[in-house]
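Spelled out, the chains give:
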Amino acid sequence: MHDYIKERTIKIGRCIVETKHTVRTIAKEFGVSKSTVHKDLTERLPEINPDLADQVKHILEYHKSIRHLRGGEATKIKYKKTSTKKREVLAAGKS
């Protein structure tokens, strides 16, 4: 494994433990794909730093356990925005 991959993996691991952000957010911060972040955290990190990997594993399990709630919330927000725009369009049309 290349040194830059090891360094990135450790940085990502520390970042997720400190901030408890999601894989998607971490991927955006580091400019890599979600798949890369997930592979770094689940496959590479246990080989490099098992203690950090254990902490990360608990955070990822927590995120997985609440993902159905996050998805529902995102859908709710999406439809609120859509219905607000429709009301604005209808109100503008009546004027």
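Preceding this section is the structure that the text describes.
Residues numbered from 1 in each chain as written. Predicted model: local features only at pLDDT ≥ 70, side-chain atom pairs only at ≥ 80, totals over all residues. Heavy atoms only, no water.

Colleague: I keep staring at the packing of helix 1 (residues 3-19) against helix 2 (residues 23-30) and nothing clicks. Help me out?
Modeller: Packing of helix 1 against helix 2 brings their axes to within 11 Å, and their N-to-C directions diverge by 130°. In this view, helix 1 runs oblique relative to helix 2, as classed from their interaxial angle. Judged by the sense of rotation from one axis to the other, the crossing of helix 1 with helix 2 is right-handed. Contacts between helix 1 and helix 2 involve Lys 11, Ile 12, Cys 15, Ile 16 and Thr 19 from the former and Ile 26, Glu 29 and Phe 30 from the latter. Within the contact of helix 1 with helix 2, the residues separate by chemical class into 5 nonpolar, 1 polar and 2 charged. (Axes fitted to C-alpha atoms, helices over the stretch in contact; angles between N-to-C directions. Helix = DSSP H or I, 4+ residues; strand = E, 2+ residues; numbered from the N terminus. Parallel < 35°, antiparallel > 145°, perpendicular 65-115°, else oblique. Left-handed = near helix turned anticlockwise from the far one by under 90°. Contact = heavy atoms within 4.5 Å. Nonpolar A, V, L, I, M, F, W, Y, C, P; charged D, E, K, R; others polar.)

Colleague: Could you clarify how one ought to interpret the pattern of salt bridges in this entry?
Modeller: Any two side chains of opposite charge can pair if their charged atoms end up close together. Inspection of the entire model under this criterion finds 3 salt bridges. Asp 40 is paired through a salt bridge with Arg 44; the nearest N and O atoms lie 2.4 Å apart. In this pair, Asp 40 and Arg 44 are both assigned in helix 3 (residues 34-48), 4 residues apart and thus about one turn of the helix distant. Several salt bridges share partner residues, and in doing so they unite Arg 8, Asp 40 and Arg 44 into one network. (Salt bridge = Lys/Arg side-chain N within 4 Å of Asp/Glu carboxyl O.)

Colleague: Can you help me understand the nonpolar core in this one?
Modeller: Among soluble globular proteins, nonpolar side chains are generally buried collectively. Counting 14 residues, the largest nonpolar core has Ile 16, Ile 26, Val 37, Leu 41, Leu 45, Val 56 and Leu 60 as the members making the most contacts within it. Elements represented by at least two residues in this core include exactly helix 1, helix 2, helix 3 and helix 4 (50-94). Looking at which element gives the most residues to this core, the answer is helix 4, with 5 residues. When residues no more than four places from it in sequence are discounted, the contact partners of Ile 26 are Ile 12, Cys 15, Ile 16, Thr 19, His 21 and Val 37. (Core = buried A, V, L, I, M, F, W, Y, C linked by side-chain atoms within 4.5 Å. Buried < 20%, exposed > 50% of the residue type's maximum accessible area, 1.4 Å probe, protein only.)

Colleague: What exactly am I supposed to notice about helix 1 here?
Modeller: One turn of the α-helix equals 3.6 residues, which is why residues spaced by three or four share an orientation. With 17 residues, helix 1 extends 24 Å between its outermost C-alpha atoms, agreeing within 8% with the 24 Å of an ideal straight helix rising 1.5 Å per residue. Among the residues of helix 1, those classed as buried are Ile 5, Arg 8, Thr 9, Ile 12, Gly 13, Cys 15 and Ile 16. Summarising the axial view, the buried residues of helix 1 lie within an arc of 165°, below the 170-degree limit, and thus occupy one face. With respect to the buried face of helix 1, the exposed residues turned more than 90 degrees away are Asp 3 and Glu 18. Two residues or fewer past helix 1, Lys 20 is found with a positive phi of approximately 60°. (Expected span 1.5 Å × (residues − 1). Arc of directions from axis to C-beta.)

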